[in-house]
Amino acid sequence: MTVRVVVGGALCHEGRLLAARRSAPPELAGRWELPGGKTEPGESAPEALVRELREELGVEAEPLERIPGEWPLRPGLVLHVWTARLVSGEPAPLEDHDELRWLGPEELESVDWLDQDRPAVAEAGRRLRGEGAGGRVTLAL
């Protein structure tokens, strides 16, 4: 079976992480995720992340580095998460979401994250607090 990558964006700005509340499908509606989507044939994960954040949120973003790990979503789909910097635009819930929130590291547990996003959110939180990536503050942008 061919495995298709779904890319999620740990989009950070001013020391906060963007959380997006799903509006569909019904089994995921109301839960929170890192925005993103499926890679298209011939598209790299960073290219897909830039495209998906533009389509879903109306922003331009710069992928920075991949968070280690991959998380199965369903047969044939696996999640890879990249940290990303907001370059321009104000995020808006244009597709698949009905609410967005910027969360500081201490607020990350205030929303009901999708299970597969939790490990990457935890790592993004560590990086926002300056505890990850070998002590480098990589997301306090």
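That block above? That's the structure.
Residues numbered from 1 in each chain as written. Predicted model: local features only at pLDDT ≥ 70, side-chain atom pairs only at ≥ 80, totals over all residues. Heavy atoms only, no water.

Undergrad: Would you explain the pattern of salt bridges in this entry?
TA: Pairing between side chains becomes possible if they bear opposite charge and their charged atoms approach one another. This structure, assessed with the given rule, holds 18 salt bridges. In this structure, Arg101 and Glu99 form a salt bridge, with 2.9 Å as the shortest nitrogen-oxygen distance. Residue class for Arg101 comes out partly exposed when judged on its relative accessible area of 32%. (Salt bridge = Lys/Arg side-chain N within 4 Å of Asp/Glu carboxyl O. Buried < 20%, exposed > 50% of the residue type's maximum accessible area, 1.4 Å probe, protein only.)

Undergrad: Got a minute to help me understand helix H1 (residues 45-57) in this structure?
TA: One turn of an α-helix holds 3.6 residues; hence residues three or four places apart share an orientation. The end-to-end C-alpha distance of H1 is 17 Å, a good match for the 18 Å that 13 residues give at a rise of 1.5 Å each. Those residues of H1 not exposed but buried are Ala45, Ala48, Leu49, Val50, Arg51, Glu52, Leu53, Glu56 and Leu57. Tucked into the core, H1 has its buried residues touching strand E1 (4-13), strand E2 (16-22), strand E4 (36-38), strand E5 (60-74), strand E6 (77-88) and strand E7 (97-103). Positive phi appears at Gly58, one or two residues downstream of H1, with a value of about 75°. (Helix = DSSP H or I, 4+ residues; strand = E, 2+ residues; numbered from the N terminus. Expected span 1.5 Å × (residues − 1). Contact = heavy atoms within 4.5 Å.)

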